[in-house]
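# Per-entry structural report
Take a look at the letters that make up each chain.
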Amino acid sequence: MMLNVIEAERGAWLVLRISGEMDLVSSPEVRQRVHDAVAVGCHDVVLDLSDVVFCDSSGVGVLIAARRLMRSCQGRLRLILPGSGGVEGMSGQGGAAHVNKVLAALGVRRLFEVYADVYDATADDAQPISA
């Protein structure tokens, strides 16, 4: 399955909706999109991982690098992982549950601000889902 990235703006936020697989071959596309956003002055980025069906360690590395980049420019990075705070399998978001499991298994889930949907992720007063 190929990786697909769709850009949208929501207020001050750039939302990158990612679908498919984030692996060694495809995850550099996500890294490049985040770098491109920063290069044009966008410092508030949401990565919507709702439709990511597979994420390996290289995909996680890209997420960590994106976090580091956004922090270095005083920006904000938020992830969308629907159903990650609830009972697995009940949300219908298998991909997001997979990504959440991978992040948790590697001990890096707590590094990210995670939200259930794009509305929460782009609202300044929304609270992230706890790890």
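Everything that follows concerns the structure shown earlier in this document.
Anyway, here's the lowdown on the structure attached to this text. (Residues numbered from 1 in each chain as written. Predicted model: local features only at pLDDT ≥ 70, side-chain atom pairs only at ≥ 80, totals over all residues. Heavy atoms only, no water.)

## Here we look at the packing of helix H1 (residues 27-39) against helix H2 (residues 57-72)
Between H1 and H2, whose axes approach to 9 Å, the crossing angle comes to 10°. In terms of orientation, H1 and H2 fall into the roughly parallel class. Only Ser-58, Gly-59, Val-62, Ala-65, Ala-66, Leu-69 and Met-70 of H2 make contact with H1, whose side of the interface consists of Ser-27, Val-30, Arg-31, Val-34, His-35 and Val-38. Looking at the contact of H1 with H2 residue by residue, the classes come out as 8 nonpolar, 4 polar and 1 charged. (Axes fitted to C-alpha atoms, helices over the stretch in contact; angles between N-to-C directions. Helix = DSSP H or I, 4+ residues; strand = E, 2+ residues; numbered from the N terminus. Parallel < 35°, antiparallel > 145°, perpendicular 65-115°, else oblique. Contact = heavy atoms within 4.5 Å. Nonpolar A, V, L, I, M, F, W, Y, C, P; charged D, E, K, R; others polar.)

## Focus: the sheet that holds strand E3 (residues 44-55)
Across the sheet, which stays open at both edges, the 5 strands sit in the order E1-E2-E3-E4-E5 with mixed pairing between neighbours. The open sheet has two edge strands, strand E1 (4-10) and strand E5 (113-115), and neither has a second partner. Here the average twist between neighbouring strands, direction ignored, is 25°. Against the sheet, H1 engages E1, strand E2 (13-22) and E3, with an angle of about 170° to E2. (Pairing = 2+ DSSP bridges.)

## Focus on the pattern of salt bridges
Evaluation of the coordinates by the stated rule reveals 7 salt bridges. Taking the shortest distance from any N to any O, the salt bridge between Arg-17 and Asp-51 comes out at 2.6 Å. On the criterion of sequence distance, the pair formed by Arg-17 in strand E2 and Asp-51 in strand E3 is long-range, its members being 34 residues apart. With relative accessibility at 31%, the residue Asp-51 sits in the partly exposed group. In this structure, Glu-29 engages Arg-33 in a salt bridge whose closest nitrogen and oxygen atoms are separated by 3.0 Å. In this pair, Glu-29 and Arg-33 both sit in helix H1, 4 residues apart, roughly one turn of the helix. Glu-29 sits in the partly exposed class, given a relative accessible area of 36%. Taken together, the salt bridges that share partners define one network made up of Glu-7, Glu-29 and Arg-33. (Salt bridge = Lys/Arg side-chain N within 4 Å of Asp/Glu carboxyl O. Buried < 20%, exposed > 50% of the residue type's maximum accessible area, 1.4 Å probe, protein only.)

## Some words on the side chain of Arg-109
With respect to the helices and strands, the residue Arg-109 is situated in the loop between helix H3 (94-105) and E5. Engagement of the side chain of Arg-109 in a polar contact is seen with the side chain of Asn-100, the distance being 2.9 Å. (Polar contact = N/O pair within 3.5 Å; in protein donor to acceptor, adjacent residues only side chain to side chain.)

## Considerations on the environment of Lys-101
Its location among the elements puts Lys-101 in helix H3. Taking the C-alpha atoms as reference, Lys-101 lies 9.9 Å from Cys-55; in sequence the two are 46 residues apart.

## Some words on the nonpolar core
Ile-18, Met-22, Leu-47, Leu-49 and Leu-103 are the most contacted members of the largest nonpolar core, which has 32 residues in total. Where this core is concerned, the elements lending two or more residues are E2, H1, E3, H2, strand E4 (76-80) and H3. Ignoring any residue separated from it by four or fewer positions in sequence, one finds Ile-18 in contact with Leu-3, Asn-4, Val-5, Val-30, Leu-47, Asp-48, Leu-49, Asp-51 and Val-52. (Core = buried A, V, L, I, M, F, W, Y, C linked by side-chain atoms within 4.5 Å.)

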